[in-house]
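Per-entry structural report
If you want the building blocks of each chain, they are given just below.
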Amino acid sequence: MITAIALVIAGLIILVWSADRFVDGASGIAAYLGMPPLLIGMIIVGFGTSAPEMFVSAMSAVKGNPGIAIGNAYGSNITNIALILGITSLIAPIKVKSAVLRRELPILTAATLLAAWQIHDGEITRIEAAMLLTVFACLIAWSVWQSINRKPDEFSAEVEDMLKEKSRPFGRSLFSLSAGLVLLIASSHLLVTGAVKIATSLGVSDLVIGLTVVAIGTSLPELASSIAAARKGEHEIALGNVIGSNLFNTMAVVGIAGSVRPFRVSPEVFTRDMSVMLVLTISLFLTGWGFKGRQGRINRFEGGGLVLIYAAYTAMLLITA
């Protein structure tokens, strides 16, 4: 048990550190190649913050632990909205003024509905995984086109300022990208191995471990970047991190895991976890979009409510484990 805990802790530390190196390297190379700043922020940074979930879920599928794969993806989405946005908005209320983010909110809601439809029969087939990856690729292509033809707004300026702070030479960026990739793979292996050992020792399902320990651990990059953005007054960067990460998790992470190995999905994933994820996503859409002339925002009261929802959900998981 002690060895398993050590593996999880070591895996998480290396995973978070290597994901940061990976995204710095990828951002530097993308900037060197002339990619628009907003596109780097939404795609490269989004991929980087979701890299832990992506590698952990793929490794879980390879090892035949689908509970960790699906639990990690959906658990991270729940953590991102309820815990990360909740804490972030308690630090500073999030105002949604960017047309970019307003357009991403209904897309995220539609992606979540697609995921719910796919798992209602209790499995993710290779065809369904390919569908997720295809839709995701189309969204990426559409984002590329939009970023090229879009007029700059406040969100674009925030992203550009953030990337300037992280600018680095091409050689250093290439080294960071390569080293980060290698360490992401190695740390994912450590984390999955330790998580499976803990689940076996405690007599709980790997799904619960994936939804709690692994999901929180792999969401640490989003938590760190969102809190840093909120403290700097870059409210929409924090929201953009979560929207981008959840899109990657819902479509790319589950799609990659299902492509590696089709897997069964436990009934409680649909009735319990997907239900919570869907309610949180729709709530984020309603509060972030703003209706009847009201500006989209997440205030401190709503942020506190999100944190309480996360606490109640986690308690329910542990009680029923």
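Before reading on, note that the structure itself is shown above.
Residues numbered from 1 in each chain as written. Predicted model: local features only at pLDDT ≥ 70, side-chain atom pairs only at ≥ 80, totals over all residues. Heavy atoms only, no water.

1. Topic: the nonpolar core
- In this structure, Tyr-74, Leu-85 and Leu-284 are the most contacted members of the largest nonpolar core, which totals 54 residues.
- In this structure, Tyr-74 is in contact with Ala-115, Ile-119, Val-254, Val-269, Met-274 and Met-277, ignoring residues within four places of it in sequence.
- Residues Ala-4, Leu-12, Val-192 and Ile-209 belong to the second largest nonpolar core, which totals 18 residues. (Core = buried A, V, L, I, M, F, W, Y, C linked by side-chain atoms within 4.5 Å. Buried < 20%, exposed > 50% of the residue type's maximum accessible area, 1.4 Å probe, protein only. Contact = heavy atoms within 4.5 Å.)

2. Here's the deal with the side chain of Arg-272
- Summarising the element assignment, Arg-272 is placed in helix α11 (residues 267-289).
- A relative accessible area of 16% means that Arg-272 is categorised as buried.
- Residues in contact with Arg-272, not counting those within four places in the same chain, are Leu-207, Leu-211, Met-316, Leu-317 and Thr-320. (Helix = DSSP H or I, 4+ residues; strand = E, 2+ residues; numbered from the N terminus.)

3. Notes on the pattern of salt bridges
- All chains considered together, the criterion is met by 2 salt bridges.
- Residue Glu-123 pairs with Arg-264 through a salt bridge whose shortest N-O separation is 3.7 Å. Of this pair, Glu-123 sits in strand β2 (residues 123-124) while Arg-264 sits in strand β3 (residues 263-264), and the two are 141 residues apart along the sequence.
- Assessed through its relative accessible area of 28%, Glu-123 is described here as partly exposed.
- Given the relative accessible area of 58%, Arg-264 is considered exposed.
- For Asp-273, the salt bridge is made with Arg-272, and the minimal N-O distance between the two is 2.7 Å.
- Residue Asp-273 is classed as buried on the basis of its relative accessible area of 1%. (Salt bridge = Lys/Arg side-chain N within 4 Å of Asp/Glu carboxyl O.)

4. Structural notes on helix α9 (residues 220-231)
- In this model α9 runs 17 Å from its N-terminal to its C-terminal C-alpha over 12 residues, within 8% of the 16 Å that 1.5 Å per residue would give.
- Among the residues of α9, those classed as buried are Pro-221, Glu-222, Leu-223, Ser-226, Ala-229 and Ala-230.
- Where α9 ends, the next residue or the one after it, Gly-233, has phi of about 85 degrees, a positive value. (Expected span 1.5 Å × (residues − 1).)

5. A few points about the packing of aromatic side chains
- Taken as a whole, this structure holds 1 aromatic pair when the rule is applied.
- Each ring, one from Phe-136 and one from Phe-248, has its centre 4.8 Å from the other, and the planes form 70 degrees; the classification is edge-to-face. Pair noted here: Phe-136 is in helix α5 (residues 126-149) and Phe-248 is in helix α10 (residues 235-260), with a separation of 112 residues, a long-range link.
- Residue class for Phe-136 comes out buried when judged on its relative accessible area of 12%. (Phe/Tyr/Trp six-rings, centres within 6.5 Å; stacked < 30°, edge-to-face > 60°.)

In short, geometric facts, not functional conclusions.
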